[in-house]
Amino acid sequence: MAKLLYIQASPMGGISFSNRAAEAFLTAYKSANPGDVVSTLDLWSPELPAFDFTTASGKYKVMRELPHSQQEAAAWTKVQDYVGELKSADKVVVSSGMWNFSIPYRLKQYIDIIVQPGLTFSFDPAKGYSGLVTGKPLQLILASGGEYPPGTEMAAYDFQKPYLEMIFRFIGFTDVRSLRVEGTLSPAGDANLAAVIKAVQEAARKF
């Protein structure tokens, strides 16, 4: 029995293209893997801990091997809880729309919480950075209002897919899979979604 963690970054409910594509993925996945446990982290439901002075101070004290204050310890425990949830999953799915050519701020906040030295990555002067979240696949299910084909001028505006692939590889994911429905603001948006959903369902059965 595997544990799948689904991280949902869009607040738009059923009108979100990324949410709908992810729902199709999860439905197909559950059908193919009825014994697995699927949990959802909706980044708009919990109050994500602010990465404020107290939390940042706690981070740098970890890096410098200094003791935490009571407030820093409490803040750092929240960070460890989110990291623990991620690392305990056997498989991870992230869905997200594109906001201002990048990602929703709640997803960026979540990434800032989980990307931490000693928890999700390490550094060795001789070897450089090493990711600590290993041995699990990641499926990105993305949506964008425009289209950003590789090799075109528009590709330079895409700070969504390349960033997410990079940051999750940085913390240790080596099996990173990406599917994106593009042109959701065009008249062909629903047709584009239908085409991607077929690919999403096939990907789910192999995940």
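Going by the structure above, here's the rest.
Residues numbered from 1 in each chain as written. Predicted model: local features only at pLDDT ≥ 70, side-chain atom pairs only at ≥ 80, totals over all residues. Heavy atoms only, no water.

**Q** Sorry if this is basic, but what is going on with the pairing of strand 3 (residues 91-96) here?
**A** Summarising burial for strand 3: six of the six residues are buried, a large majority. On strand 3, burial covers both faces: K91, V93 and S95 on one face and V92, V94 and S96 on the other are all buried. Where strand 3 lies against strand 6 (residues 138-143), five bridges are found, and the strand directions are parallel. Residue S96 lies in a different strand from strand 6, and its bridge partner there is L142. (Buried < 20%, exposed > 50% of the residue type's maximum accessible area, 1.4 Å probe, protein only. Helix = DSSP H or I, 4+ residues; strand = E, 2+ residues; numbered from the N terminus. Pairing = 2+ DSSP bridges.)

**Q** So what exactly am I meant to see when it comes to the nonpolar core here?
**A** In this structure, L107, Y110, I114, F168 and F173 are the most contacted members of the largest nonpolar core, which totals 33 residues. Where this core is concerned, the elements lending two or more residues are strand 1 (3-8), helix 3 (70-88), strand 3, helix 4 (105-114), strand 6 and helix 5 (161-170). If near-sequence neighbours (up to four positions away) are discounted, F168 is found in contact with V94, I114, L138 and F173. If you look at the next biggest cluster of nonpolar residues, it comprises 21 residues, including A2, Y29, A143 and V200. (Core = buried A, V, L, I, M, F, W, Y, C linked by side-chain atoms within 4.5 Å. Contact = heavy atoms within 4.5 Å.)

**Q** Looking at this structure, how should I read a nonpolar patch on the surface?
**A** Together, F101, M154, Y157 and F159 make up a nonpolar patch on the protein surface, roughly 400 Å² of accessible area in all. Residue position: M154 is located in the loop between strand 6 and helix 5. (Patch = residues over 30% accessible without salt bridge, like charges linked within 9 Å, V, L, I, M, F, W, Y side chains within 5 Å. Areas by Shrake-Rupley, 256 points an atom, 1.4 Å probe, with all protein chains shown as cover. Salt bridge = Lys/Arg side-chain N within 4 Å of Asp/Glu carboxyl O.)

**Q** Please clarify how the environment of I197 should be interpreted in this entry.
**A** Position of I197 relative to the elements: it lies in helix 6 (residues 189-205). In this structure the C-alpha to C-alpha distance between I197 and E23, which are 174 residues apart in sequence, comes to 9.4 Å.

**Q** Any chance you could explain the packing of aromatic side chains here in plain terms?
**A** Scanning all chains against the criterion turns up 13 aromatic pairs. Geometrically, the ring pair formed by F121 and F170 is tilted, given 5.0 Å between the ring centres and 50° between the ring planes. Residue F121 is found in strand 4 (residues 121-124), and its partner F170 is found in helix 5; the two are separated by 49 residues along the sequence. Overall, F170 belongs to the partly exposed group, its relative accessible area being 25%. Each residue in the set F121, F123, Y129 and F170 is aromatic and connected to the rest through ring pairs, giving one cluster. Between R20 and the ring centre of F17, over which it is positioned, the NZ or CZ distance is 4.5 Å. Here K59 stacks its cationic end above the ring of Y60, 5.9 Å away from the centre of that ring. (Phe/Tyr/Trp six-rings, centres within 6.5 Å; stacked < 30°, edge-to-face > 60°. Lys NZ or Arg CZ within 6 Å of the ring centre and 35° of its normal.)

**Q** Is there a simple way to think about the pairing of strand 4 in this case?
**A** Regular strands show a simple pattern: their side chains alternate between the two faces of the sheet. Where strand 4 meets strand 5 (residues 128-131), four bridges bridge the pair, whose relative direction is antiparallel. In the sheet register, F123 faces strand 5, and the bridge partner there is Y129. Counting the residues between successive antiparallel strands, the hairpin from strand 4 to strand 5 contains three residues.

**Q** Looking at this structure, how should I read the environment of A75?
**A** Examined against the element boundaries, A75 turns out to sit in helix 3. As a C-alpha pair, A75 and T54 span 21 residues in sequence and 6.9 Å in three-dimensional space. Leave out the neighbours within four places in its chain, and A75 touches T54 and T55.

**Q** Hey, could you run me through the side chain of D36 in this one?
**A** Residue placement: D36 occurs in the loop between helix 1 (17-32) and strand 2 (37-42). For D36, which is buried and forms no salt bridge, the nearest opposite charge comes from K91, at a distance of 4.1 Å. A polar contact of 2.4 Å, which involves the side chain of D36, links it to the side chain of Y29. Apart from the residues lying within four places of it in its own chain, the contact partners of D36 are M1, A2, Y29 and K91. (Lys, Arg positive; Asp, Glu negative; His and termini not counted. Polar contact = N/O pair within 3.5 Å; in protein donor to acceptor, adjacent residues only side chain to side chain.)

**Q** Which parts of the structure should I look at to understand the packing of helix 2 (residues 53-63) against helix 3?
**A** Helix packing for two helices is described by the angle between their axes and how far apart those axes are. Following both chains from N to C, one finds helix 2 and helix 3 inclined at 85°, their axes separated by 8 Å at the closest point. Relative to helix 3, the element helix 2 lies roughly perpendicular. Of the residues in helix 3, those touching helix 2 at T54, T55, S57, G58, K59, K61 and V62 are Q71, E72, A75, W76 and V79. Considered class by class, the residues forming the contact of helix 2 with helix 3 number four nonpolar, five polar and three charged. (Axes fitted to C-alpha atoms, helices over the stretch in contact; angles between N-to-C directions. Parallel < 35°, antiparallel > 145°, perpendicular 65-115°, else oblique. Nonpolar A, V, L, I, M, F, W, Y, C, P; charged D, E, K, R; others polar.)

**Q** Any chance you could explain the sheet that holds strand 7 (residues 176-181) here in plain terms?
**A** Strand pairing within a sheet occurs via backbone hydrogen bonds; the two strands may be parallel or antiparallel. Read from one edge to the other, the open sheet built from five strands follows the order 2-1-3-6-7, with strand pairing classed as parallel. The open sheet terminates on both sides in strands that have one partner only, identified here as strand 2 and strand 7. Neighbour-to-neighbour, the strand axes of the sheet open up by a mean angle of 15°, direction not taken into account. In terms of strand pairing, strand 1 meets strand 2 through six bridges, oriented parallel. Paired with K3 across the bridge in strand 2 is V37. Strand contacts of helix 3: strand 1, strand 2 and strand 3, with the helix running at about 130° to strand 1, the strand carrying the most contacts.

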